[in-house]
Amino acid sequence: MANALAFLDDELRTLKTAGAYRWPRELHGEQAPVCEYDGREVINLCSNNYLGLANHPALKAAARRAIDEHGVGSGAVRTIAGNMAIHGELERRLAAFKRTDAALLYQSGFTANAGTVAALLGKGDVVVSDELNHASIIDGCRLSGAERKIFPHRNLDAARRCLEEARGARRVLVITDGVFSMDGDVAPLPQLCALAREYGAIMMVDDAHASGVMGAGGRGTVEHFGLHDRVDVQVGTLSKAWAGLGGYVAGSRSLIAYLMQRARPLLFSTSHPPSVAATALAALDLIERDDTLIARLWDNTAFFKSGLAALGFDTGASETPITPIMIGGEAEAMRFSDQLFEHGVFALGIAYPTVPRGKARVRTIVTAGHTRDDLSRALDACGAVGRAMGLLRG
Ligand SMILES: *Cc1c(COP(=O)(O)O)cnc(C)c1O
């Protein structure tokens, strides 16, 4: 019988020849600042577990209690089996946290972005989008059928030109990541909001990497810049600083009511198990109670960034705990990452197509859970590998 999937092996061979074939390393035990990947203990600079909550006793206990009290599954999509009370409670708490009137839970940050953009826009509409926005935003734009106008990264003149060209469209959406996931830099949010207002466009911000990290109390870039009355749609994730799984949209009551009618991930995919919502509530309790963990995260970030700079690495335009070590060449970045792993440090090599050609890098993310000793040892390893590879002088 002819193998109709033979093309898969051809494609995989091509990827392998190009050195672009990937398979994730295997984590044994808990997601932690120092943990065991592929049988080796390493300092983990790959996770988005910013506040170290992934194995916090209070979150574990909340998940266990929710299983005992509410079971392990929600039964069906919300519009069919109904909202579980714990999902409603989490939505009210998230709205209060983000200082909006309402919030809506999605299964992930990915579905929150894709589902919301696709619900808000259609044919005849225009999306004005930063070229480095997350894949879930790009997919949402594609699904919506709206025309896409992509502006070069953080380029406000170009964003204005896109808005100028969009005049006469039925609806226009300006959309940006708050913090960009591959570079750790921050969107020029005040200026983008001013542009959106000038052109009568909807303003949407994806604060996946800023929620629990930036702004007073970890409320995100909207809080950081004081733009609550300027941003119409805020997306957050419960998968990063919140250490569990999920996404949400925060905004007006009308926005949430409309999305409940139209957002396809809500209408056609089952809601979270109650334990996931319980975990998020427990994380929110911790984050709202005090900002010790957030302060520690930023202390660690400053320490690690200054250490990398002192070694002579180029860390790009990062202003957040996401710090890329810019390498340039694809193969070198991958080799740097592999060598770091041999030296007991797990930091991901990132190359085209995730980032532009010639801008390959090793991305590091510190967390509140790393000790100074962890970070010092990681810096020593970066220095040793950097020198051995001829990336650093001396
Ligand atoms: C991780 C990420 C998402 C997706 O969030 P998940 O909850 O992991 O699906 C969306 N946007 C940005 C900018 C992200 O970095």
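Residues numbered from 1 in each chain as written. Predicted model: local features only at pLDDT ≥ 70, side-chain atom pairs only at ≥ 80, totals over all residues. Heavy atoms only, no water.

**Things to note about the overall build of the chain**
Here is the rule: Each helix corresponds to a stretch of at least 4 residues labelled H or I by DSSP, and each strand to a stretch of at least 2 residues labelled E; elements are numbered beginning at the N terminus. Radius of gyration here is computed from C-alpha atoms only, and the compact-globule reference equals 2.2 Å multiplied by the residue count raised to the power 0.38. Each residue is placed in one exposure class: buried if its accessible area under a 1.4 Å probe, protein chains only, is under 20% of its type's maximum, exposed if it is over 50%, and partly exposed if it falls in between. It only takes one pair of heavy atoms within 4.5 Å for two residues to be counted as in contact.
Along the chain, the regular secondary structure elements total 15 helices and 14 strands. Taken over C-alpha atoms, the radius of gyration comes to 22 Å for the chain, in line with the 21 Å a tight globule of 394 residues would show. Reported as C-alpha extents along the three principal axes, the dimensions of the chain are approximately 60 × 60 × 55 Å. Within the chain, buried positions represent 52% of all 394 residues. Excluding contacts between residues fewer than 6 apart, the proportion of contacts in the chain whose partners are at least 24 apart in sequence is 69%.

**Looking at the sheet that holds strand E14 (residues 360-365)**
Pairing between the strands of a sheet is mediated by backbone hydrogen bonds and can be parallel or antiparallel. To keep things clear, this is the line we draw: By the convention used here, strands pair only if DSSP detects at least 2 bridges between them. Between N-to-C directions, angles cover 0 to 180 degrees, with each direction set by a line fitted to C-alpha atoms, over the stretch in contact for helices.
As summarised here, the arrangement of the three strands in space is E11-E14-E13, forming an open sheet in which the pairing is antiparallel. The sheet is open, and its two edges are formed by strand E11 (322-328) and strand E13 (348-350), each paired on a single side. Going across the sheet, the axis of each strand differs from the next one's by a mean of 30°, ignoring polarity. As defined by bridge partners, E11 adjoins E14 across six bridges and the pair is classed as antiparallel. The residue of E14 that forms the bridge with Ile325 is Val362. Against the sheet, helix H13 (residues 292-311) contacts E11 and E14, and its axis sits at roughly 20° relative to E11.

**Focus on the pattern of salt bridges**
Worth spelling out the cut-off: Here a salt bridge means any side-chain nitrogen of Lys or Arg lying within 4 Å of a carboxyl oxygen belonging to Asp or Glu.
Overall, the coordinates contain 21 salt bridges when judged by the stated rule. Between Arg25 and Asp38 there is a salt bridge, with its nearest N and O atoms 3.1 Å apart. Residue Arg25 is located in the loop between helix H1 (6-17) and strand E1 (27-28), and its partner Asp38 is located in the loop between strand E2 (34-37) and strand E3 (40-44); the two are separated by 13 residues in the primary sequence. Between Asp183 and Arg361 there is a salt bridge, with its nearest N and O atoms 2.9 Å apart.

**Side note on the site of the ligand**
The condition that has to hold: Nearness is judged by heavy atoms alone; a residue qualifies as near a molecule or strand once a single heavy atom is within 4 Å of it. Polar contacts here mean pairs of N or O atoms no more than 3.5 Å apart (in protein, one a potential hydrogen donor and the other a potential acceptor; neighbouring residues in sequence count only if both atoms are side-chain atoms). Computed by Shrake-Rupley with a 1.4 Å probe, the accessible areas treat only the displayed protein chains as cover when residues are assessed. Ten residues, namely Ala, Val, Leu, Ile, Met, Phe, Trp, Tyr, Cys and Pro, are considered nonpolar, four, namely Asp, Glu, Lys and Arg, are considered charged, and the remaining ones, Gly among them, are considered polar.
Residues in contact with the ligand amount to 15 residues; listed here are only the nearest, Gly109, Phe110, Asp206, Ser239 and Lys240. One of the backbone N or O atoms of Gly109 is found 2.8 Å from an oxygen atom in the ligand. Thr237 places a side-chain nitrogen or oxygen 2.9 Å from an oxygen atom of the ligand. Compared with its free state, where it exposes 380 Å², the ligand has 86% of that area covered by protein. Among the residues forming the shell around the ligand, the class breakdown is two nonpolar, ten polar and three charged.

**Some points on the sheet that holds strand E9 (residues 233-237)**
Pairing is mixed in the open sheet, where seven strands are placed in the order E4-E10-E9-E8-E7-E5-E6. The two strands at the open ends of the sheet, each matched to only one other strand, are strand E4 (102-106) and strand E6 (147-151). When strand polarity is set aside, the average angle formed by the axes of neighbouring strands in this sheet is 20°. Of the strand pairs in this sheet, strand E8 (residues 202-206) and E9 are connected by three bridges, and their pairing is parallel. By the bridge assignment for E9, Asp206 is matched with Val235. Contacts from helix H4 (residues 85-97) reach E4 and strand E10 (247-251), with the element oriented near 130° to E4. Running over the sheet, helix H7 (residues 156-165) touches strand E5 (126-130), E6 and strand E7 (172-177) and is turned about 160° from E6.

**Comments concerning the side chain of Ser318**
Summarising the element assignment, Ser318 is placed in the loop between H13 and E11. Once residues within four sequence positions are removed from consideration, Ser318 is found in contact with Asp183, Gly184, Asp185, Lys305, Thr323 and Pro324.

**Remarks on the domain arrangement of the chain**
The condition that has to hold: The split of the chain into domains comes from an automatic or database domain assignment. Take the accessible area each of two parts loses on contact, using a 1.4 Å probe, and add the two losses: that sum is the buried area.
Each assigned domain of the chain is listed here: domain 1 (19-48 + 291-388) and domain 2 (57-289). Contacts between the two partners involve 17 residues from domain 1, matched on the other side by 19 residues from domain 2. Buried area between domain 1 and domain 2, both sides added, is near 1,400 Å², and the carbon and sulfur share of it is 59%. When the buried area of domain 1 at its contact with domain 2 is split by residue, Asn48, Ile294 and Ile322 rank highest and sum to 32% of it. Put simply, domain 1 and domain 2 have three salt bridges between them. A salt bridge links Arg154 to Glu319, with the nearest nitrogen and oxygen atoms 4.0 Å apart. On the surface where domain 1 and domain 2 come into contact, there are seven residue pairs in polar contact (both at pLDDT 80 or more). Elements with a minimum of two residues in the side of domain 1 that touches domain 2: H13, E11 and E14. Looking at the side of domain 1 that touches domain 2, the element that brings in the most residues is H13, giving three residues. Looking at the side of domain 1 that touches domain 2 residue by residue, the classes come out as nine nonpolar, four polar and four charged.

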